[in-house]
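This is what each chain is made of:
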Amino acid sequence: MLLALGLLMVLFGTAAGSQGWQDWWTDGADAVSRQIVWDIRLPRSLGAWIGGALLGLAGAVAQGLFRNPLADPYLLGSASGASLGVSVYLSLWGTSSAVSAWALSGWMGLGLTSAAFLGAVVAVLLTLTLARGVQQTLRLLLAGVVVGVVLGAVTSLISLLQPQVLQAMQGFLLGSTAFVSWSACITLAVVLALCLSLAWGFASVLDALSLGEATAQSLGVPLTLARVVLVLVISLATGAAVAHIGLVAFVGLAAPHLVRSLVRCTHAWRLLLSALMGGALLLLADVMARVVLAPQELPVGVLTAVLGGAYLLWRVYHDGQAGARA
């Protein structure tokens, strides 16, 4: 059902344009309209769906690995590292008029995408170094928080010293799928297939970890290898998504929660369903961002933060009421 919903949302995404809703399949379309749908709206919609799927998958893996329902894909510092990479790139090469104009008109160019991904990778490596490996889950979590705070402070310092960097970073910080191309869709799809395959292979380890580390070790689960692979999945999925669509909040956190509220299953199916749920959530927010205030477009990260935050607040209130009645 989630897959069908995703495909339906992709179809809706091809009808969401700068002038609002345009159902080109019923009104008929000329050659220009078909080109706009094929070259702009369809890759944007597919990119939003795949990017959301990567965040949903990374969130499910993080919550299973750290045994914490509040864990999200950014907890290893990848988001702060990506922001720092973008700010450093803009501060070094965004001062000339040509590069600055290019950066302001489309931050999804190859340079900024590579800088964001490299920054995310460096941040994760710093986290692993500070945590001295992946043996201690709590230490890894704390190291991620520390790295995220420190790199975020460095990014703020660069923005303070060079205010034009912050202006150029707005699209990245607020999240945007407007510049996702077919090549970006292919890259994201390859990363999704790789990460989903790796996570699926270690889903049984997440099931064992849900019983506690001591129980998992008594069952002979290869915890060290599993942590390395699962941290790699979180880092690669988050880095690829953030590099192409920016800092989109709450999708990776809310998608696994929605899946758990709808169905009880093992981690093998939870990972797949969380990916599908994440894709549907981000694509829904992207379509809404295009049509709510058309022709003006809202940042997709703002909508995901509002919708995801509202859902989590409702969930906390609902659980609190249920606990009080019990």
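Residues numbered from 1 in each chain as written. Predicted model: local features only at pLDDT ≥ 70, side-chain atom pairs only at ≥ 80, totals over all residues. Heavy atoms only, no water.

Caption draft 1: Up close: the overall build of the chain. Summing up its helical and strand segments, the chain has 15 helices and two strands in all. A total of 326 residues make up the chain; the buried ones form 50% of that total. Taking the contacts inside the chain whose residues are at least 6 apart along the sequence as the reference set, 77% of them involve residues at least 24 apart. As presented, the chain carries roughly 15000 Å² of accessible surface, and 70% of it is formed by carbon and sulfur atoms. (Helix = DSSP H or I, 4+ residues; strand = E, 2+ residues; numbered from the N terminus. Buried < 20%, exposed > 50% of the residue type's maximum accessible area, 1.4 Å probe, protein only. Contact = heavy atoms within 4.5 Å. Areas by Shrake-Rupley, 256 points an atom, 1.4 Å probe, with all protein chains shown as cover.)

Caption draft 2: Quick look at the pattern of salt bridges. Throughout the structure, instances matching the rule amount to five salt bridges. Of the charged contacts in the structure, one is a salt bridge between Arg 44 and Glu 297, with a shortest N-O distance of 2.4 Å. Taken together, the residues span a long stretch of sequence, with Arg 44 in helix α3 (residues 31-65) and Glu 297 in the loop between α14 (267-291) and α15 (300-325) at a distance of 253 residues. With a relative accessible area of 7%, Arg 44 lands in the buried category. (Salt bridge = Lys/Arg side-chain N within 4 Å of Asp/Glu carboxyl O.)

Caption draft 3: Quick peek at unusual backbone geometry. Despite not being glycine, Arg 67 has its phi angle at roughly 50°, a positive value. Its location among the elements puts Arg 67 in the loop between α3 and α4 (78-93). Exposure remark for Arg 67: the relative accessible area of 40% places this residue in the partly exposed category. Residues other than glycine seldom take positive phi values, yet Phe 250 does so here, at roughly 75°. Relative to the helices and strands, Phe 250 is located in the loop between α12 (223-245) and α13 (251-262).

Caption draft 4: Fine view of the nonpolar core. Core analysis: the biggest nonpolar cluster contains 92 residues, and Leu 54, Leu 57, Val 61, Leu 65, Leu 76, Leu 90 and Leu 271 have the highest contact counts within it. Ranked by residues supplied to this core, first place goes to α12 with 14 residues. Excluding anything up to four places from it in sequence, Val 61 contacts Ala 199, Leu 206, Leu 230, Val 233, Ile 234 and Leu 271. (Core = buried A, V, L, I, M, F, W, Y, C linked by side-chain atoms within 4.5 Å.)

Caption draft 5: Fine view of helix α7 (residues 137-161). The terminal C-alpha atoms of α7, which comprises 25 residues, lie 36 Å apart, in line with the 36 Å expected from a rise of 1.5 Å per residue. Regarding α7, the residues found buried are Thr 137, Leu 140, Ala 143, Gly 144, Val 147, Gly 148, Leu 151, Thr 155, Ile 158 and Ser 159. (Expected span 1.5 Å × (residues − 1).)

Caption draft 6: The arrangement of the environment of Phe 172 in detail. Checked against the element boundaries, Phe 172 lands in helix α8 (residues 163-174). Using a relative accessible area of 1% as the deciding quantity, one classes Phe 172 as buried. Phe 172 sits 73 residues away from Ile 245 along the chain, and the two C-alpha atoms are 7.2 Å apart.

Caption draft 7: Summary view of the packing of α7 against α8. Put simply, α7 and α8 touch, their axes get as near as 4 Å, and they point 115° apart. Contact residues: α7 offers Thr 155, Ser 159, Leu 160 and Leu 161, while α8 offers Pro 163, Leu 166 and Met 169. By residue class, the composition of the contact of α7 with α8 is five nonpolar, two polar and no charged. (Axes fitted to C-alpha atoms, helices over the stretch in contact; angles between N-to-C directions. Nonpolar A, V, L, I, M, F, W, Y, C, P; charged D, E, K, R; others polar.)

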